[in-house]
Amino acid sequence: MNKRQIVNLFLPAQKFISAFPEFLSVLSHYLKEKLILSSIIFETYKNILVKLFMIKRGRYNRPFLHLATMGALTIGVLIAPFLASTYPVFSQNSSTSAKISSPSNSSMSVGEDVFGTQISQKPRDKVITYTIQKGDTISTIAQKFGISTDTVRWANNLSNDNITVGDALQILPVTGISYKVQSGDTVYTIAKKYATEAQKIVDFPFNDFANPEKFTLVTGQMLIVPDGIKPSEQQYFRPQVYIAQGPTSFSSAGFTWPARGIISQLASWYHMAVDIAGPNGTPVVAAKSGVVTEANVGGWNYGYGDNVVIDNGGGYSTLYAHLENVNVSPGQQVVGGSTVIGWIGMTGRTTGPHVHFEIRQNGVTVNPLPFLQ
């Protein structure tokens, strides 16, 4: 092979090397454009996704987690061959695999409750079984799970507080009653039977309905009845009635009550809001001065019905839902305690006239009570 042939042999490689920086530049520019385009698409549709997951305030948690888990497993399966070939420690057949040993006299100390029932700190969607441990009482078990002692007694047909280690108890996800739907039942008859509010049954995110807009029940299905009271025990309970005094004085946080009426539902992990019940047409005012960002009228509106959202500044915003009508428009300045933004109604996912009031801090829904008192 002469010199010219050798030179011609290396020419393609030289051209490739000289063109490689330009290729990287073009590739970088292409990927940057795709990333920007993807970001724009994400920003456009993210609010739709957020509202979708909030339709029943938590109902889609489990499907989302299942999909995320399957995605992680799929990625693991795909990269497993790469890990095995790149890092021999992951390959059992590799002659260079690492050997892990521990001293023969080593020991591990565990607590007595290592095999005890593990208590989940996340919201629970159903009744679970708890095995009674040494030292447990009805009171401590109720405290562990954040429910009342009566809820534990009623769910397990206990006439007294005598319990035995090793026995199993049924634990509800919230304080109240677990109920099997009978023929002819409605959320209203069940709520009346157990001295609670129908809206609480509807708002519990893991209660399913054949028709979510009409709250149709299916005979035989299990319902959680939040704050329900066993009929035979109702004579011993005096329900607490809380009155929202309406727009009077402002709290130290600068908020006032948006309406006058009975507080029919307080904040909980599945209902981070305050419901104020009153007659249809009761005026609803801005709880704090600000600018209207949303005034949604007509339609389901993700269960909120006719609703208003106000940017109150300082990272705070307020939402007023289930209104009979809206009296403001986006961009309008409102004055806390005096501007009527709408009237109490029954639009959206509601069983009776009330205003569903939320306070959001930096986009996160928080318990309104500390800001109103």
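All figures in this text were calculated on a predicted structure; none of them were measured in a lab. (Residues numbered from 1 in each chain as written. Predicted model: local features only at pLDDT ≥ 70, side-chain atom pairs only at ≥ 80, totals over all residues. Heavy atoms only, no water.)

Draft legend 1. Focus on the pattern of salt bridges. Counted by the stated rule, this structure contains 5 salt bridges. Between Arg-153 and Asp-150 there is a salt bridge, with the nearest N and O atoms lying 2.9 Å from each other. In this pair, Arg-153 and Asp-150 are both assigned in helix α4 (residues 149-155), 3 residues apart and thus about one turn of the helix distant. For the salt bridge of Lys-200 with Asp-227, the shortest nitrogen-to-oxygen distance reads 3.0 Å. Of this pair, Lys-200 sits in helix α6 (residues 198-203) while Asp-227 sits in the loop between β4 (222-226) and β5 (243-245), placing them 27 residues apart in sequence. By relative accessible area, which is 13% here, Lys-200 ends up buried. (Salt bridge = Lys/Arg side-chain N within 4 Å of Asp/Glu carboxyl O. Helix = DSSP H or I, 4+ residues; strand = E, 2+ residues; numbered from the N terminus. Buried < 20%, exposed > 50% of the residue type's maximum accessible area, 1.4 Å probe, protein only.)

Draft legend 2. Up close: the packing of aromatic side chains. Across all of its chains, the model carries 13 aromatic pairs by this definition. Aromatic pair Tyr-179 and Tyr-194: ring centres 5.5 Å apart, planes at 65°, arrangement edge-to-face. Linking Tyr-179 in strand β3 (residues 176-180) with Tyr-194 in the loop between α5 (187-193) and α6, this pair joins segments that are 15 residues apart in sequence. The burial state of Tyr-179 is the same as that of Tyr-194; both residues are buried. Seen from their ring centres, Phe-204 and Tyr-270 are 5.2 Å apart, and the 80° between their planes marks the pair as edge-to-face. Pair noted here: Phe-204 is in the loop between α6 and β4 and Tyr-270 is in the loop between β6 (260-265) and β7 (274-277), with a separation of 66 residues, a long-range link. (Phe/Tyr/Trp six-rings, centres within 6.5 Å; stacked < 30°, edge-to-face > 60°.)

Draft legend 3. The pairing of strand β13 (residues 340-344), seen in detail. Bridge analysis of strand β8 (residues 283-285) against β13 gives 3 bridges, and the strand direction is antiparallel. Bridge assignment links Val-284 to a residue of β13, and that residue is Gly-342. As paired strands, strand β11 (residues 316-326) and β13 are joined by 3 bridges and run antiparallel to one another. Looking across to β13, one finds that Val-326 is bridged to Gly-342. (Pairing = 2+ DSSP bridges.)

Draft legend 4. Structural context of helix α3 (residues 138-145). Those residues of α3 that fall on the buried side of the exposure criterion are Ile-138, Ile-141, Ala-142 and Phe-145. Taken end-on, α3 shows its buried residues confined to a sector of 100°, consistent with a single buried face. Buried positions along α3 lie against β1 (128-131), α4 and β2 (168-171). (Arc of directions from axis to C-beta. Contact = heavy atoms within 4.5 Å.)

Draft legend 5. The confidence of the model for the chain, seen in detail. Overall, the prediction assigns the chain a mean pLDDT of 83, with 77% of residues at 70 or greater. Predicted confidence is poor over residues 54-58, with pLDDT under 50, and the contacts of this stretch with residues over four places away or in other chains come to 16 contacts. Low confidence marks residues 87-121, where pLDDT is under 50. Its contacts with residues over four positions away, or in another chain, come to 16 contacts. (pLDDT = per-residue confidence, 0-100.)

Draft legend 6. Highlighting the side chain of Lys-288. Tracing the sequence through the fold places Lys-288 in the loop between β8 and β9 (290-296). Although Lys-288 is buried, it makes no salt bridge; Asp-311 carries the closest opposite charge, 9.1 Å away. Residues in contact with Lys-288, not counting those within four places in the same chain, are Ala-253, Gly-254, Phe-255, Ile-310, Asn-312, Tyr-320, Val-334 and Gly-336. (Lys, Arg positive; Asp, Glu negative; His and termini not counted.)

Draft legend 7. Structural context of unusual backbone geometry. A positive phi angle, close to 50°, is found at Asn-157, a residue other than glycine. On the secondary structure map, Asn-157 appears in the loop between α4 and β2. For Asn-157, a relative accessible area of 68% corresponds to the exposed category. One non-glycine residue, His-322, lies in the positive phi region at around 65°. Residue position: His-322 is located in strand β11.

Draft legend 8. Spotlight on the side chain of Thr-351. For Thr-351, the location among the structural elements is in the loop between β13 and β14 (354-361). A relative accessible area of 15% places Thr-351 in the buried class. Every residue in contact with Thr-351, bar those within four places of it in the chain, is listed here: Tyr-188, Ala-198, Gln-199, Val-202, Phe-215 and Met-346.

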